[in-house]
Amino acid sequence: MSSIELTPSQKTILQELVNLYRESESAVKGEDIAEQVDRNPGTIRNQMQSLKALQLVEGVPGPKGGYKPTANAYDALKIQEMEQAADVPFRHNGELIEGANVQEIDLTSVHHPELCRAEVKLQGSIADFKEGDKISVGPTPLSKLLVEGELEGKDDTSNSLILTIDNMEAPAGDADPLH
């Protein structure tokens, strides 16, 4: 499928639909999306019409109805659907978050030792994360990379957390890398 250019608002709404759909595995009501993205339910309904036209969302009628993302939605958001994704431990303020699926870790500005940053793309809601929170990701399955840092910001359109890295180890602890 060719790449679809979405507005930041469409990306945020579609990402939240995917997050909520993964949690419930059933149709998601527009009001629930509106609450998560802090928008009016009418705005969500209007955006859903355009996302339906792009074949990214399908409507589910009835009392248990709402919206479901299509396979094209995952492509548009560049989310890989895996039967069994590798488990990467993820901690928020020291607490292990069950079901948090780390999709990507991008290291940015590693050439500047005092401003080393990482962008951690998650599958799942990032609504509860606040600037200054302590984040720990890893060790990853192959390289045993562990990244620890402080949350500097978040990007709702790409479902990413931006960290200032305090510590980075590979291989973490006594583990040998698998490659």
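Below: a short report on this structure. These figures come from a predicted structure and were not determined experimentally.

1. A short note on the overall build of the protein chain
(1) Moving on: Each helix and strand counted, the protein chain has 4 helices and 9 strands in total.
(2) Moving on: Written out in order from the N terminus, the α and β elements of the protein chain read α-α-α-β-β-α-β-β-β-β-β-β-β.
(3) Moving on: Taking all 179 residues of the protein chain together, 40% fall into the buried category.
(4) Moving on: A separation of at least 24 residues holds for 55% of the contacts in the protein chain among residues at least 6 apart in sequence.

2. Things to note about the packing of helix 1 (residues 8-24) against helix 2 (residues 30-37)
(1) Moving on: At a closest axis distance of 10 Å, the pairing of helix 1 and helix 2 adopts a crossing angle of 115 degrees. In this structure, helix 1 meets helix 2 at a crossing whose hand is right-handed. Taking contact as the criterion, the partners of T12, I13, E16, L17 and L20 in helix 1 are, on helix 2, D32, I33, Q36 and V37.
(2) Moving on: Taken together, the residues of the contact of helix 1 with helix 2 sort by class into 5 nonpolar, 2 polar and 2 charged.

3. Structural notes on the pairing of strand 6 (residues 117-123)
Residues in a regular strand project their side chains so that they alternate between the two faces of the sheet.
(1) Moving on: With respect to burial, strand 6 is a largely interior element, 5 of its 7 residues being buried.
(2) Moving on: The pairing of strand 5 (residues 101-108) with strand 6 spans 7 bridges and is classified as antiparallel. Within strand 6, the residue paired with I105 across the bridge is V120.
(3) Moving on: Pairing geometry for strand 6 and strand 9 (residues 160-169), over 5 bridges, is antiparallel. Bridge pairing in strand 9 places R117 opposite T164.

4. A few points about the packing of helix 2 against helix 3 (residues 41-53)
(1) Moving on: Where helix 2 contacts helix 3, the axes come no closer than 8 Å and their chain directions differ by 110 degrees. It follows from the interaxial angle that helix 2 and helix 3 lie roughly perpendicular. Judged by the twist between their axes, the crossing of helix 2 over helix 3 is right-handed. Mapping the contact onto sequence places G30, E31, I33, A34 and V37 in helix 2 and P41, I44, R45 and M48 in helix 3.
(2) Moving on: Taken together, the residues of the contact of helix 2 with helix 3 sort by class into 6 nonpolar, 1 polar and 2 charged.

5. Description of the nonpolar core
(1) Moving on: One finds L14, L17, I33, M48, L51, L56 and V57 to be the most contacted residues of the largest nonpolar core, which totals 23 residues.
(2) Moving on: Where this core is concerned, the elements lending two or more residues are helix 1, helix 2, helix 3 and helix 4 (71-76).
(3) Moving on: It is helix 1 that provides the largest number of residues to this core, a total of 6 residues.

6. Thoughts on the pattern of salt bridges
(1) Moving on: This model, assessed by the stated rule, comprises 3 salt bridges.
(2) Moving on: A salt bridge links K134 to E150; its shortest N-O distance comes to 3.3 Å. Here K134 is found in strand 7 (residues 134-137), whereas its partner E150 is found in strand 8 (residues 146-155), with 16 residues between them in sequence.
(3) Moving on: Taking the relative accessible area as the measure of exposure, K134 reaches 40% and is therefore partly exposed.
(4) Moving on: What makes E150 partly exposed here is its relative accessible area of 33%.
(5) Moving on: With its nearest N and O atoms 3.6 Å apart, the salt bridge here joins D166 to K134. Remark: K134 occurs in strand 7 and D166 occurs in strand 9; sequence separation between them is 32 residues.

7. What about the packing of aromatic side chains?
(1) Moving on: Evaluated as defined, the whole model comprises 1 aromatic pair.
(2) Moving on: Centroid distance F90 to F129: 5.9 Å. Interplanar angle 75 degrees. Geometry classified as edge-to-face. Highlighted residues: F90 in strand 3 (residues 90-92) and F129 in the loop between strand 6 and strand 7, separated in sequence by 39 residues.

Conventions used here
- Residues numbered from 1 in each chain as written.
- Predicted model: local features only at pLDDT ≥ 70, side-chain atom pairs only at ≥ 80, totals over all residues.
- Heavy atoms only, no water.
- Helix = DSSP H or I, 4+ residues; strand = E, 2+ residues; numbered from the N terminus.
- Buried < 20%, exposed > 50% of the residue type's maximum accessible area, 1.4 Å probe, protein only.
- Contact = heavy atoms within 4.5 Å.
- Axes fitted to C-alpha atoms, helices over the stretch in contact; angles between N-to-C directions.
- Left-handed = near helix turned anticlockwise from the far one by under 90°.
- Nonpolar A, V, L, I, M, F, W, Y, C, P; charged D, E, K, R; others polar.
- Pairing = 2+ DSSP bridges.
- Parallel < 35°, antiparallel > 145°, perpendicular 65-115°, else oblique.
- Core = buried A, V, L, I, M, F, W, Y, C linked by side-chain atoms within 4.5 Å.
- Salt bridge = Lys/Arg side-chain N within 4 Å of Asp/Glu carboxyl O.
- Phe/Tyr/Trp six-rings, centres within 6.5 Å; stacked < 30°, edge-to-face > 60°.

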